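Here is how the chains run, residue by residue.
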Amino acid sequence: MATDAPPPAKEQHALPSPEEFAEVQQSAEFGELRRSYRSFAFPLTVAFIVWYLLYVLLSNYAGGFMGTKLFGNINVALVFGLAQFLTTFLIAWWYSRHAGARLDPKAEAIKTRMEGGA
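Quantities reported herein were computed from a predicted structural model and do not represent experimental measurements.

## Some words on the pattern of salt bridges
Phase 1 of the analysis: A full pass over the atoms with the stated rule returns three salt bridges.
Phase 2 of the analysis: Between E29 and R113 there is a salt bridge, with its nearest N and O atoms 2.2 Å apart. Note that E29 is positioned in helix α2 (residues 28-61) and R113 in helix α4 (residues 76-114), a separation of 84 residues in sequence.
Phase 3 of the analysis: Exposure remark for E29: the relative accessible area of 29% places this residue in the partly exposed category.
Phase 4 of the analysis: A relative accessible area of 34% means that R113 is categorised as partly exposed.

Shown next, in the form of structure tokens:
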């Protein structure tokens, strides 16, 4: 597929020194970025793992419940299995929104400062 757009500009940025990386890592701004990420990602990860393990345990030990027909040939196990996919996509969508609104601006500010733009 050909386009008429020129190739992206190759801007050269000075690479930060290891000391500058360490300084940024110790900064309050970076700490806030890390806290914002962890406060979102860790609870959702734990919740999803619990939800997944519940599905596995119910499938193994509650066959009668999981085999309960809801309508037609649709049973609880199928609904829970499909819900696993749904929750995966919902979490990915939610994280994308969270990252775009809260993480990316902070990360971009740190990156710009480290590259000498601010």
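Here the narrative resumes, following the displayed structure.
## Concerning the side chain of S36
Phase 1 of the analysis: Position of S36 among the secondary structure elements: in helix α2.
Phase 2 of the analysis: Overall, the relative accessible area of 7% leaves S36 in the buried class.
Phase 3 of the analysis: Among residues more than four places away in sequence, those in contact with S36 are H98, R102, L103 and K106.

Reading the values: rules and limits
- Residues numbered from 1 in each chain as written.
- Predicted model: local features only at pLDDT ≥ 70, side-chain atom pairs only at ≥ 80, totals over all residues.
- Heavy atoms only, no water.
- Salt bridge = Lys/Arg side-chain N within 4 Å of Asp/Glu carboxyl O.
- Helix = DSSP H or I, 4+ residues; strand = E, 2+ residues; numbered from the N terminus.
- Buried < 20%, exposed > 50% of the residue type's maximum accessible area, 1.4 Å probe, protein only.
- Contact = heavy atoms within 4.5 Å.

Note that all results are geometric; they support no functional claim without further evidence.
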